[in-house]
Amino acid sequence: MDLGAITKYSALHAKPNGLILQYGTAGFRTKAEHLDHVMFRMGLLAVLRSKQTKSTIGVMVTASHNPEEDNGVKLVDPLGEMLAPSWEEHATCLANAEEQDMQRVLIDVSEKEAVNLQQDAFVVIGRDTRPSSEKLSQSVIDGVTVLGGQFHDYGLLTTPQLHYMVYCRNTGGRYGKATVEGYYQKLSKAFVELTKQASCSGDEYRSLKVDCANGIGALKLREMEHYFSQGLSVQLFNDGSKGKLNHLCGADFVKSHQKPPQGMEIKSNERCCSFDGDADRIVYYYHDADGHFHLIDGDKIATLISSFLKELLVEIGESLNIGVVQTAYANGSSTRYLEEVMKVPVYCTKTGVKHLHHKAQEFDIGVYFEANGHGTALFSTTVERKIKQSAEQLEDKKRKAAKMLENIIDLFNQAAGDAISDMLVIEAILALKGLTVQQWDALYTDLPNRQLKVQVADRRVISTTNAERQAVTPPGLQEAINDLVKKYKLSRAFVRPSGTEDVVRVYAEADSQESADHLAHEVSLAVFQLAGGIGEGPQP
Ligand code: G16
């Protein structure tokens, strides 16, 4: 380690005195102007992680669903998954070390993790379309190079594309070719193969309106669309040509406000979807003949996917275990439907795909989705091997199902939740099953729900347990929530500090929208009073 060079370069990316940040749900996120030092230091850390794992590590510069002024960074581990928890702690220590302590922290991490500093390091970098992203990714590169790491800068990428690149590179190309072209070809080939099998190929199955949140998803979908156009035509909205990133559009807006994005004209019963700012989430929706808006969120996506996979396994005659992983935000009706009607085991983890992903790895086939539309399906190597064999050996009908499953496996991005890949999976399933968006929506009826945000002085005063479904601190908060929940039928509520925004999130569901809205408001007031609310306070 050339400590002199590190000190010199670090001074060019100086940390604002006293600024404390936390590696949260999906890395560091805050106002872009506070992140230069974090980016430089994450470049350094990525080199150490690469040396330790003898693998390529990814660094993604994005703040995903956050407003355009924010930015963020997350590190991608060797198999395309989120950074290991022990390294998240190192990331937090390194980001918060004052200038004079930075070298010591770097040496501490290297020693604790037995990093062989002579080992080569390789880091791949991607960024979203935020105005601040290009400069910040240059700071990452400065960090990588000063520690002697090699790098490849992919430039503009969706977050799941960067995860895919890392996975490809560390599996010697077995998972796919580590280029944007390789990604487009792999997914499109699988999609076109699948949709060829669909008996219903009328126009209603072939066209889709996509709200791209004025983000990177628009660029990448536009580059990709001609690869799959024989199976699907997409019409892009909020493509970044005029609007602001994530402003009044995108998956997070549509899910949390339960209304369509601005800038998209929707005719009744037209199938529409929204990506978020870095294209790792997707939600679907439509207007019915009476003009009512219907949201199809991550829970219903998980239901569609897991029921299709289950049907294919039955046809092939394989009894493999499928599990679905959700979080506390999952609608109560979805959990009931999955468990009671589909007879699929359901597990609940803390928010954050890193938690869901690890749980899903425990199954032969693990389908995980957050209600906000972030998710994918994972297939164990045993499944992949068995299905490959079946596709070669079985009699006609079974072989066809096995071939379908093989293509579905290729169509999923198994490194991370991916809006483009999920969109193609959903479109293929709808076409193959001959399902309209209304029929899909009718699988079960969501319990009315409401999500709110509360501003508090320090959101860390709230701690939770039981996969975030119960508050442990501050004292009295859980008791207050319990009392409020008792007032409404079929009700449930919880609160948790966000790991990506400086707010406390409140979730409530009940038998009617009015009750869900009241309950969410009353819980917000309890948070405001008991957890140090600031500002105006919750408005009815
Ligand atoms: C990130 C995480 C998601 C999480 C979301 C909100 O999404 O990857 O797993 O659900 O933040 O997290 P929180 O409620 O802690 O703010 P994204 O799309 O913003 O990267």
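Since the structure is predicted, the reported quantities are computational estimates derived from the model, not experimental observations.

Further remarks concern the confidence of the model for the chain. Chain-level statistics for the chain give a pLDDT mean of 95 and a share of 99% at 70 or above. Interface scoring of the predicted complex returns ipTM 0.96; its pTM is 0.96.

Glancing now at the state of the cysteines. Defined simply, a disulfide is a covalent bond joining two cysteines at their sulfur atoms. Per the stated rule, a full pass over the model turns up zero disulfides. The thiol sulfur of cysteine 249 is not disulfide-bonded, and the nearest other cysteine sulfur, from cysteine 212, lies at 9.3 Å. Cysteine 272 takes part in no disulfide bond, and the closest cysteine sulfur, belonging to cysteine 273, lies 7.8 Å away. Exposure remark for cysteine 272: the relative accessible area of 0% places this residue in the buried category.

Take unusual backbone geometry next. Residue proline 474 follows threonine 473 across a cis peptide bond; omega there is -5°. The topology assignment puts proline 474 in the loop between β17 (470-473) and α18 (477-485). Residues other than glycine seldom take positive phi values, yet asparagine 214 does so here, at roughly 55°. Mapping asparagine 214 onto the fold places it in the loop between β6 (207-211) and α9 (216-228).

The next thing to look at is the packing of aromatic side chains. Evaluated as defined, the whole model comprises 15 aromatic pairs. Aromatic side chains tyrosine 183 and tyrosine 184 sit 5.8 Å apart centroid to centroid with 70° between the ring planes, which places their arrangement in the edge-to-face category. On the basis of relative accessible area, tyrosine 183 is assigned to the buried category, the value being 0%. An aromatic cluster of at least three residues, connected via ring pairs, comprises Tyr164, Tyr167, Tyr175, Tyr183, Tyr184 and Tyr227. Across the ring face of tyrosine 175, the terminal group of lysine 186 is positioned such that the distance to the ring centre comes to 3.5 Å.

About the thresholds
- Residues numbered from 1 in each chain as written.
- Predicted model: local features only at pLDDT ≥ 70, side-chain atom pairs only at ≥ 80, totals over all residues.
- Heavy atoms only, no water.
- pLDDT = per-residue confidence, 0-100.
- Disulfide = S-S within 2.5 Å.
- Buried < 20%, exposed > 50% of the residue type's maximum accessible area, 1.4 Å probe, protein only.
- Helix = DSSP H or I, 4+ residues; strand = E, 2+ residues; numbered from the N terminus.
- Phe/Tyr/Trp six-rings, centres within 6.5 Å; stacked < 30°, edge-to-face > 60°.
- Lys NZ or Arg CZ within 6 Å of the ring centre and 35° of its normal.

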